[in-house]
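The chain contents come next:
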Amino acid sequence: MPLVIEKKQIEDWLAELKQTHTLIDIRDSILPPKQYFFPPQEEIFVFDKKSQKLTSPAQQEELLLFGLSLKKLEAMTQLDEIMEKPQPDFFYWQRRIKSILIGLTDKSFEVAPGGDLILEKINEDQYQVLVLTKKGRKIAKSKFLKQVRNPKVKKYPSVLKPLKKMLLDPELLAEAVAWSRNHKIWDELAEKCLGCGICTYVCYLCHCFSIEDSVSLDNSKCSRCRYWDACTLPGFSKVAGGHNFHKSIKQRYYNWFYHKFVRAYQEYGKAQCVACGKCKKYCPARISIEEVLKEIVKDYKKDRKS
Amino acid sequence: MKNLYKPFKVKIIRIEDHSSDTKLFRLKKDKGSFLKNKQGLSFVPGQFVLIGFFGYGEAPFGPASSPYQTSYIDIVVRKVGTLTTALHQLKVGDRVFARGPYGNGFPVNFIFGKDIVMVTGGCGIPPIASLVEYIIKNRNKFGRTYLIYGAKTPADLLLKDRIEKWKKDIKVLLTVDQPDHRWLGSVGMVSNLIDHIEIDPLDAVSAMCGPGPMMDALEKILRPLGISDRRIFVNMERKMQCGIGKCQHCTVGDKYVCQDGPVFNFDQIDKSWD
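Criteria and cut-off values
Going along each chain's sequence as written, the residues are numbered from 1 onward. Each chain takes a letter, starting from A, and each ligand takes a number, starting from 1, following the order in which they are written. Per-residue local features of the predicted model are confined to residues with pLDDT of at least 70, and side-chain atom pairs are confined, for both listing and counting, to 80 or more; whole-chain, interface and lining totals are unaffected and use all residues. The helix count covers DSSP runs of H or I at least four residues long, the strand count covers runs of E at least two residues long, and both are numbered beginning at the N terminus. Note on method: radius of gyration uses C-alpha positions; expected globular size equals 2.2 Å times residues raised to 0.38. For every residue, the other C-beta atoms within 10 Å of its own C-beta are counted; 20 or more classify it as buried, 12 or fewer as exposed, and values in between as partly exposed. C-beta atoms are placed from the backbone. C-beta atoms are placed from the backbone for every residue, and two residues are taken to be in contact when these atoms lie within 7 Å. Paired strands, as defined in this entry, are two strands with at least two bridges between them according to DSSP. Every axis corresponds to a line fitted to the C-alpha atoms, with the helix fit spanning only the stretch in contact, and the corresponding angles, defined between N-to-C directions, vary from 0 to 180 degrees. These domain limits were set by an automatic method or by a database of domain assignments. Classes in brief: Ala, Val, Leu, Ile, Met, Phe, Trp, Tyr, Cys and Pro nonpolar; Asp, Glu, Lys and Arg charged; the others, Gly included, polar. Here the word oblique covers every angle except those under 35 degrees (roughly parallel), over 145 (roughly antiparallel) and from 65 to 115 (roughly perpendicular). The nonpolar core is taken to be a set of buried Ala, Val, Leu, Ile, Met, Phe, Trp, Tyr and Cys residues joined by way of C-beta atoms within 7 Å. The hand of a helix crossing depends on one turn: near helix anticlockwise from the far one by less than a right angle means left-handed, and clockwise means right-handed.

### Looking at the overall build of chain B
Part 1 of the argument: Counting its secondary structure elements, chain B contains six helices and 15 strands.
Part 2 of the argument: Here the C-alpha radius of gyration of chain B, 18 Å, is about what a compact globule of 274 residues would show, namely 19 Å.
Part 3 of the argument: The buried share among the 274 residues of chain B stands at 49%.
Part 4 of the argument: For chain B, the proportion of contacts with a sequence separation of at least 24, taken over those separated by at least 6, is 71%.

### Some words on the overall build of chain A
Part 1 of the argument: The number of helices and strands found in chain A is eleven helices and eleven strands.
Part 2 of the argument: Once the C-alpha set of chain A is aligned to its principal axes, its extents read approximately 70 × 65 × 35 Å.
Part 3 of the argument: The long-range fraction of contacts in chain A, counting pairs at least 24 apart against all pairs at least 6 apart in sequence, stands at 71%.

### Thoughts on the sheet that holds strand E1 (residues 3-6) of chain A
Residue and element names in this part refer to chain A.
Part 1 of the argument: Overall, mixed pairing links the seven strands, which are arranged E2-E5-E6-E7-E8-E1-E9 in an open sheet. The two strands at the open ends of the sheet, each matched to only one other strand, are strand E2 (22-25) and strand E9 (145-147). Here the average twist between neighbouring strands, direction ignored, is 25°.
Part 2 of the argument: Pairing analysis gives four bridges linking strand E5 (residues 63-68) to strand E6 (residues 100-105), with the strands arranged parallel. Bridge assignment links Phe66 to a residue of E6, and that residue is Ile102.
Part 3 of the argument: In the packing of helix H1 (residues 10-20) onto the sheet, contacts are made with E1, E2 and E5, and the angle to E2 comes to roughly 145°.
Part 4 of the argument: Seen against the sheet, helix H2 (residues 70-84) touches E5 and E6 and runs at an angle of roughly 150° to E6.

### As for the domain arrangement of chain B
All names here are of chain B.
Part 1 of the argument: In terms of domains, chain B is made up of domain 1 (8-102) and domain 2 (108-235).
Part 2 of the argument: One C-alpha centre belongs to domain 1, the other to domain 2; they are set 23 Å apart.
Part 3 of the argument: In this complex, domain 1 contributes 18 residues to the contact, which on the side of domain 2 involves 16 residues.
Part 4 of the argument: The set of elements that each furnish at least two residues to the side of domain 1 that touches domain 2 consists of strand E1 (8-19) and strand E5 (73-78).
Part 5 of the argument: Take the side of domain 1 that touches domain 2: its biggest share by element is three residues, from E5.

### Let's talk about the domain arrangement of chain A
All names here are of chain A.
Part 1 of the argument: According to the domain assignment, chain A consists of domain 1 (3-41 + 51-147) and domain 2 (162-208 + 229-305).
Part 2 of the argument: Distance from the C-alpha centre of domain 1 to the C-alpha centre of domain 2: 29 Å.
Part 3 of the argument: Every contact between the two is made by 13 residues of domain 1 and, on the other side, eleven residues of domain 2.
Part 4 of the argument: Looking at the side of domain 1 that touches domain 2 residue by residue, the classes come out as seven nonpolar, one polar and five charged.

### So, the sheet that holds strand E3 (residues 41-48) of chain A
All names here are of chain A.
Part 1 of the argument: Taken together, the four strands give an open sheet; going across it, the order is E4-E3-E11-E10, and neighbouring strands pair in antiparallel fashion. The open sheet has two free edges, formed respectively by strand E4 (53-55) and strand E10 (209-215), since each of these has just one partner strand. Recorded for the sheet is a direction-independent mean angle of 20° between the axes of neighbouring strands.
Part 2 of the argument: As paired strands, E3 and strand E11 (residues 221-228) are joined by seven bridges and run antiparallel to one another. Considered in E11, the bridge of Asp48 is made with Lys221.

### A look at the packing of helix H7 (residues 185-192) of chain A against helix H9 (residues 249-268) of chain A
The relative placement of two packed helices is expressed as an angle between their axes plus a distance between the axes.
Residues and elements named next belong to chain A.
Part 1 of the argument: Relative orientation of the contacting elements H7 and H9 amounts to 110°, with a least axis distance of 9 Å. It follows that H7 is roughly perpendicular to H9 by the angle criterion. Residue-level contacts link Trp186, Asp187, Leu189 and Ala190 of H7 to Ile249, Lys250, Tyr253 and Tyr254 of H9.

### Here's the deal with the interface of chain A and chain B
Part 1 of the argument: Contacts between chain A and chain B engage 31 residues on the former and 27 residues on the latter.
Part 2 of the argument: Listed by contribution, the elements that provide at least two residues to the side of chain A that touches chain B are E3, helix H3 (90-96), E10, E11 and H9 of chain A.
Part 3 of the argument: A total of six residues in the side of chain A that touches chain B trace back to one element, the largest contributor, which is E10(A).
Part 4 of the argument: Along the lines of polarity and charge, the residues of the side of chain A that touches chain B split into 17 nonpolar, seven polar and seven charged.

### Section: the environment of Thr84(B)
Part 1 of the argument: Examined against the element boundaries, Thr84(B) turns out to sit in helix H1 (residues 82-88).
Part 2 of the argument: Measuring from C-alpha to C-alpha, the distance between Thr84(B) and Ala155(B) comes to 20 Å, with 71 residues separating the pair along the chain.

### Remarks on the nonpolar core
Part 1 of the argument: Counting 78 residues, the largest nonpolar core has Ile75(B), Ile116(B), Val117(B), Met118(B), Ile148(B) and Ala207(B) as its most contacted members.
Part 2 of the argument: Broken down by element, the residue count for this core peaks at seven residues, all from helix H3 (residues 125-137) of chain B.
Part 3 of the argument: For this core, the two domains that each supply at least three residues are domain 1 (8-102) and domain 2 (108-235) of chain B.
Part 4 of the argument: If near-sequence neighbours (up to four positions away) are discounted, Ala207(B) is found in contact with Phe106(B), Ile116(B), Met118(B), Ile128(B), Leu131(B) and Phe233(B).
Part 5 of the argument: Counting residues in hydrophobic clusters, the runner-up holds 67 residues, among them Met166(A), Trp256(A), Cys273(A) and Cys247(B).

### Quick notes on the packing of helix H6 (residues 170-179) of chain A against H9(A)
All names here are of chain A.
Part 1 of the argument: For the pair H6 and H9, interaxial distance at closest approach is 8 Å and the crossing angle is 125°. Classified by the interaxial angle, the pair formed by H6 and H9 is oblique. For H6 against H9, the interelement crossing comes out left-handed. Judged by residue contacts, Pro170, Glu171, Leu173, Ala174, Val177 and Ala178 of H6 engage Phe257, Tyr258, Phe261, Val262 and Tyr265 from H9.
Part 2 of the argument: Here the contact of H6 with H9 is composed, by residue class, of ten nonpolar, no polar and one charged.

The following block contains the structure:
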């Protein structure tokens, strides 16, 4: 029998969950869910100079994230894979392993893209509750979630956007982006791109980081922090002595695309993009990944024919 | 789950001055010795370790000591940035942190039994030095072996004491750009030394580590010798942060220098856009 929650009772259920969990409603968040497991800045080590002891701050909090869209769930499944293979990222998993992800969607879907539990709209007043994991089953035990025989089920199909469609053939995108290195579009984009890094911060999947030390004012403690970096920023590939391996914005911007569509495809068999559109939405220069890919793919196909 | 970012403590047990801005640090593990890999080595020549000093960060160094040595590793540090400047102020007995070894290293099984031309310049000598130590330890299993080493001035040639010892076992060719009055060796680019090399080009390999312009010199010297691109191995340098293929700083096209490298053959490098 399907498990169902009344739309008007969702808030009550959340209030109930709040009593036992640290619940974060991420529906209106600009920064993606990655921030809870891979924070914009986190202290990963503390070195006490006097005792010469090295410690790592323990992360005890069990987070319950509510309101992940299908694309956010898909991205989290992919980010889990990135942080697991080829070698696990300790600091990500320290937080992630205890967390619970609740999806919420007004669109019907065939295959659950990830998460522990998903609320899927089935009619104007009700959501079906899909339990996907053990952790999901635990939080599904509530008086607000009821088994209903034959609830009214309406389909709310989503329209496949052009970018999402393109992502269905990641091999073609990998080939096209690799082929496009000398395409004039990269010169044009280098003129437009401000190199601010916002696209990578709002991206559900971008995960570049840097590690930097700082010392307390009294010189007793050193902390090693890991923080979000962006491959489009000028100093990303600069080494001591001043040599910069990616000097121009053109190189850096192409490298961003190259990672998402070529390197990622080689590593994981898919592009590191879920077509969420956030990079375009928050880009001060309004660069659209979709438009760039369209043009490259079109010219690549033309070139392949001739 | 293992925390791969967690470094272990090492103690500085020896410091040597090698040039006006370069020092060698001998590092010993605080607890136990350096672990041996399947080949019985504490690291593969060409692999790197991340050496860190809290407050100043971490940076990659290719150990210069023999890979058969498990009680210590030597790193050669040129004062160029924040961390290296801090390291230069340390004394024997001080402690720093280390992680690794990381990366692939030179393909020691592939090069086994072949003639070898090693080429390096300036402070690119450390990984080559450990390869030389490896070869000398297995001397009768290798063919003709050359080390070509160039530097700006005679004073900039590092590891001179060890180079003198190597001369018993391998052919060492040194060259400088600006000789002083006592210099008796070659002057100019390493490519000028090509006439001194006698190898079987079909069964020879080359191993190299050095700055960008050396790559061009390498092409000039090794291609005419007839060593194919797949047998020319280059130890590359990139910015490193994580060392385990996550942070994206060291990527070169579709490769991670920290994982797939730092040693690549010339064919791979030629095909890469980056």
